[in-house]
Amino acid sequence: MTNEKVKDQEVKEEKTFNDADGSPSCEGTPCANVADDEQQATATMAEDEAEQSEEAAEPSAEEIIAVWRDKYMRLQAEFDNYRKRTLREKMDLVASGGSDVIKSMLSVLDDMYRAVAASEKSEDIAALREGEKLVLQKFEEALRQKNVTEIEALDKEFDPDFHEAVARFAAGDEKKGKVIDVVQRGYMLGEKVLRYAKVVVGE
């Protein structure tokens, strides 16, 4: 065999077993199927790992229940604290409001004590009456400052929303259904009736 034939045979064998990049050739062999199987296996493993990671990320039902139970307990405690705080604030408001009214009445009480002391020493009836009127006016002004007003009743149409009839007397057609006398004055606090006016109604 000549040298040229030997060289041709070597070149053919090299082409059979080597690709351009130097790796074994798959022509005429089952290595292509092996590569596909390896790719499928790799893809399957990746999918399994992804599913496992998703399952691990999702919390269990017990964990969800525990979280919501904790939120519920916290919310209940906050609402209980809010209820107690508002009740305490309301009681403080009532107490402070009452003390404010009492303080405004103390100055009137002082004037009444002075009027009584003056009536024991003085014989001037006119001066004593004037002093009593001044004390009364001061008391009424203190009530007005607290938004307490007297209910108008005399010669007004009888109104059961503000008046309480304690008696009825014949007073003619002009006075029929009207208040002809006030037995006890009534008062309002703002728009609310504190005490109904006790009146006598004409028939």
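One can find the structure itself at the top, above this paragraph.
The paragraphs below set out a description of the structure included in this document.

Cut-offs and rules
Residues numbered from 1 in each chain as written. Predicted model: local features only at pLDDT ≥ 70, side-chain atom pairs only at ≥ 80, totals over all residues. Heavy atoms only, no water. Helix = DSSP H or I, 4+ residues; strand = E, 2+ residues; numbered from the N terminus. Salt bridge = Lys/Arg side-chain N within 4 Å of Asp/Glu carboxyl O. Patch = residues over 30% accessible without salt bridge, like charges linked within 9 Å, V, L, I, M, F, W, Y side chains within 5 Å. Areas by Shrake-Rupley, 256 points an atom, 1.4 Å probe, with all protein chains shown as cover. Buried < 20%, exposed > 50% of the residue type's maximum accessible area, 1.4 Å probe, protein only.

### Some points on unusual backbone geometry
Alright, step 1. The phi dihedral of Asn147 is positive, around 65°, even though this residue is not glycine.
Alright, step 2. For Asn147, the location among the structural elements is in the loop between α4 (125-145) and β1 (148-150).
Alright, step 3. Not every positive phi belongs to a glycine, and Asp155 is a case in point at roughly 65°.
Alright, step 4. Of note, Asp155 is situated in the loop between β1 and β2 (163-169).

### A closer look at the pattern of salt bridges
Alright, step 1. In the structure shown here, the tally under the stated rule is nine salt bridges.
Alright, step 2. The residue Glu150 makes a salt bridge to Arg185 at a minimum N-O spacing of 3.1 Å. Residue Glu150 is found in strand β1, and its partner Arg185 is found in the loop between β3 (179-184) and β4 (187-189); the two are separated by 35 residues along the sequence.
Alright, step 3. Across the salt bridge formed by Glu152 and Lys156, the nearest N and O atoms sit 3.7 Å from each other.

### Considering a nonpolar patch on the surface
Alright, step 1. A cluster of nonpolar residues, Ile102, Leu106, Leu109, Met112 and Tyr113, forms a patch on the protein surface that exposes about 510 Å² of accessible area.
Alright, step 2. Here Met112 shows up in helix α3 (residues 61-121).

### Structural notes on the environment of Arg129
Alright, step 1. If you trace the backbone, Arg129 turns up in helix α4.
Alright, step 2. Residue classification places Arg129 among the exposed positions, given a relative accessible area of 56%.
Alright, step 3. Taking the C-alpha atoms as reference, Arg129 lies 9.4 Å from Ser119; in sequence the two are 10 residues apart.

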